[in-house]
Amino acid sequence: MWVVLALLLALSSGALSLNKLNMCMDGKHHKVEPGPEGQLYFQCTPWRDNACCTANTSTEAHNDNSYLYNFNWNHCGIMSPECKKHFIQDTCFYECSPHLGPWIQQVDQTWRKERILNVPLCKEDCHDWWEDCKNDYTCKSNWHKGWDWSSDTNKCPAGSKCRKWTEVYPTPKSMCEQIWSNSYLYTTDSKTSGRCMQIWFTGSNPNIKVADYYLNNAQQQQSFALTMLLFLAISSFSVMMY
């Protein structure tokens, strides 16, 4: 009985891992399943061969106060183009990527059922993002919550003040991890390491290999736990028999 149970768990674990390599999260604008989207717009085009976003979503990702989330990038003055391009790319990554399965978590929110948590970003992406935004301004460190939405778009909450980017985020690590409630995890891994997810890339999507690496690690840990469970069960059964 214990052997059969262990085998069933191992098989289900393998199937689950395959699904997590190519899936869309249950979000506000995500497709149910990933697939080709040949008409993705501008910065979202790297995902055109296999995407969780539609062409319309990719276009809106480039617009100020788009219908996606009515989010105002210019809440502390006009955001510089150098900075904004990273937020557009971040939106493309979030909406379009089919390889975020290892980091998808269920949430109880009105506008989405799942989110990403602690996605390991390559250091180049965090550093370049912070460097290009360091002369901009913001009034909050966590952009996921705490805004004044009384005008149907986000405004700085009462009592807050606009401060220079480097005051709110002293380091690339603080920005990457705080700005979206730990959706991202800062790493010291480079893009050539195969151990971190890339927001910016050209050509074939390198992130599937990274997701596979993390899934395999998790599966190996789970297999070890199942082996130990089976060993303990057999040991207990042997003791009962004698």
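Structure's up top.
A short tour of the structure in this document, coming up. Note that this is a predicted model, so its numbers are computed, not measured.

1. Observations concerning the overall build of the protein chain
Scanning the protein chain from N- to C-terminus turns up 7 helices and 6 strands. When the helices and strands of the protein chain are listed from N to C terminus, the series reads α-α-α-β-β-β-α-β-β-α-α-β-α. Evaluated residue by residue, the protein chain yields a buried proportion of 44% over its 242 residues. If you take every contact in the protein chain between residues at least 6 apart in sequence, the share linking residues at least 24 apart comes to 65%. Per element, the accessible surface of the protein chain, about 13100 Å² overall, is 56% carbon and sulfur.

2. Describing helix α3 (residues 81–96)
Its 16 residues place the ends of α3 22 Å apart at the C-alpha level, agreeing with the 22 Å of an ideal helix rising 1.5 Å per residue. For α3, a buried count of 13 out of 16 residues is recorded, marking the element as mostly surrounded by other parts of the structure.

3. Examining helix α4 (residues 123–133)
Here α4 has its buried residues at D125, C126, W129, W130 and C133. Down the axis of α4, the buried set is contained in an arc of 120°. They therefore lie on one face. The elements touched by buried residues of α4 are α3, β3 (119–121), α5 (165–168), α6 (172–178) and β6 (184–186).

4. Re the packing of aromatic side chains
Counted according to the given criterion, the structure contains 21 aromatic pairs. Summarising the aromatic geometry, the rings of Y69 and W111 are spaced 5.7 Å apart at their centres and angled 75° between planes, so their arrangement reads as edge-to-face. On the criterion of sequence distance, the pair formed by Y69 in the loop between α2 (55–60) and α3 and W111 in the loop between β1 (104–106) and β2 (114–116) is long-range, its members being 42 residues apart. An angle of 85° between the planes, with centres 5.1 Å apart, marks the rings of Y213 and Y214 as edge-to-face. What makes Y213 partly exposed here is its relative accessible area of 27%. You can call Y214 partly exposed: its relative accessible area is 25%. Across the ring face of W147, the terminal group of K140 is positioned such that the distance to the ring centre comes to 5.5 Å. Lying across the ring of Y213, R195 places its NZ or CZ 3.7 Å from the centre.

5. Describing the state of the cysteines
For the structure on display, the rule yields 8 disulfides. Residue C24 pairs covalently with C52 via a disulfide, S to S 2.1 Å. Its S-S torsion of approximately -95° makes the covalent link between C24 and C52 left-handed. You can see C24 sitting in the loop between α1 (2–20) and α2 and its partner C52 sitting in the loop between α1 and α2, a full 28 residues away along the chain. Among the residues examined, C24 registers a relative accessible area of 8% and is labelled buried.

6. Observations concerning the side chain of H29
As for its placement among the helices and strands, H29 is situated in the loop between α1 and α2. Apart from residues no more than four positions distant in its own chain, H29 is found in contact with C52, T57, Y67, L68, Y69 and E95.

7. What to know about the pattern of salt bridges
Pairing is possible between side chains of opposite charge, provided their charged atoms come close. Counting across every chain of the model gives 6 salt bridges. K31 is paired through a salt bridge with E37; the nearest N and O atoms lie 2.9 Å apart. This pair shows no difference in class: K31 is buried, exactly as E37 is. Close ionic contact of K191 with D125 constitutes a salt bridge, the shortest N to O distance being 3.2 Å.

8. Some details on unusual backbone geometry
If you check the backbone angles, F42 has positive phi at about 40° while not being a glycine. Inspection of the secondary structure assignment puts F42 in the loop between α1 and α2. Accessibility expressed as a relative area gives 58% for F42, which makes it exposed.

Basis of the calculations
Residues numbered from 1 in each chain as written. Predicted model: local features only at pLDDT ≥ 70, side-chain atom pairs only at ≥ 80, totals over all residues. Heavy atoms only, no water. Helix = DSSP H or I, 4+ residues; strand = E, 2+ residues; numbered from the N terminus. Buried < 20%, exposed > 50% of the residue type's maximum accessible area, 1.4 Å probe, protein only. Contact = heavy atoms within 4.5 Å. Areas by Shrake-Rupley, 256 points an atom, 1.4 Å probe, with all protein chains shown as cover. Expected span 1.5 Å × (residues − 1). Arc of directions from axis to C-beta. Phe/Tyr/Trp six-rings, centres within 6.5 Å; stacked < 30°, edge-to-face > 60°. Lys NZ or Arg CZ within 6 Å of the ring centre and 35° of its normal. Disulfide = S-S within 2.5 Å. Salt bridge = Lys/Arg side-chain N within 4 Å of Asp/Glu carboxyl O.

Any functional reading would require information beyond the geometric quantities listed.
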